[in-house]
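What follows is each chain in one-letter form.
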Amino acid sequence: LSPLFIAVFIATGIYIILSLRSSLPSDLELRVFPTVIKSILIGSILGIICVLIFGAWLGSKISYRVAIMTQAAASYSKGDLTGKIYLDAQDELKILADAMNEMAKSLRMRIAEIEGERTKLSAILESMAEGVVAVNDDREVVSVNPAAEKILGISHKDFFGKNLLEVVRNPIMDEMMREAMSSR
């Protein structure tokens, strides 16, 4: 039987600084080989188990953070913009959470601005002595002020979403609205 040769080189860059060589008798190789295979197998199994445990831990941590963001997005979609997403790590999910928080803040400000404008417009329409009927592009009534309700003899509950002609039952007024809308 021929001996088993082992060589180890230690190098820096392209230069070898240390070379160790050894040989073992081949009968030792036959005795050591099963032990080496067993050690490699046990080490591999332990390594795989460690990787699986770490992967499960990391996956659950990420899943938890994504679930928090999904919950906030669901709240935002229902109109509740008051919630804030708090994440502790400094990574891409934190950047996304901060962007979602900023978006919610911006939407809250814009909604407050629009509600303020709507309140002003409502106050103006309520105080007018002239009747005002507002319609959308399909000539469906979207708003009527109290003066128009009184003039037309209708209640605000009777007109929402209905065509102007259905509400006022006046073809002349309907034709005037049609002309006004076509000239804009």
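Residues numbered from 1 in each chain as written. Predicted model: local features only at pLDDT ≥ 70, side-chain atom pairs only at ≥ 80, totals over all residues. Heavy atoms only, no water.

Digging into the overall build of the protein chain
The helix and strand inventory of the protein chain stands at 5 helices and 4 strands. Secondary structure elements in the protein chain, listed N-terminal to C-terminal, are β-β-α-α-β-β-α-α-α. Here the protein chain has a C-alpha radius of gyration of 39 Å; the compact-globule value for 184 residues is 16 Å, and the former is much larger. On the principal axes, the C-alpha backbone points of the protein chain span a range of 115 × 30 × 30 Å. Residues counted as buried form 17% of the 184 residues belonging to the protein chain. (Helix = DSSP H or I, 4+ residues; strand = E, 2+ residues; numbered from the N terminus. Rg over C-alpha atoms; globule rule 2.2 N^0.38 Å. Buried < 20%, exposed > 50% of the residue type's maximum accessible area, 1.4 Å probe, protein only.)

Observations concerning the packing of aromatic side chains
For the structure on display, the rule yields 1 aromatic pair. Measuring from ring centre to ring centre gives 5.8 Å for phenylalanine 54 and tryptophan 57, while their planes differ by 35°; the resulting arrangement is tilted. Residue phenylalanine 54 and its partner tryptophan 57 are located together in helix 1 (residues 26-77), separated by 3 residues, close to a single helical turn. (Phe/Tyr/Trp six-rings, centres within 6.5 Å; stacked < 30°, edge-to-face > 60°.)

Examining unusual backbone geometry
A positive phi angle, near 60°, is found at arginine 139, a position not held by glycine. Looking at where arginine 139 falls in the secondary structure, it is placed in the loop between strand 3 (133-135) and strand 4 (141-144).

Observations concerning the nonpolar core
Residues Val135, Val141, Val144, Ala148, Ile154, Phe159, Leu164, Val167, Val168, Met177 and Met181 constitute the largest nonpolar core, which totals 11 residues. Considering each element in turn, this core owes the most residues, 3 residues, to helix 4 (residues 164-168). Of all hydrophobic cores here, the second largest spans 10 residues; its members include Met69, Ala72, Leu93 and Ala104. (Core = buried A, V, L, I, M, F, W, Y, C linked by side-chain atoms within 4.5 Å.)

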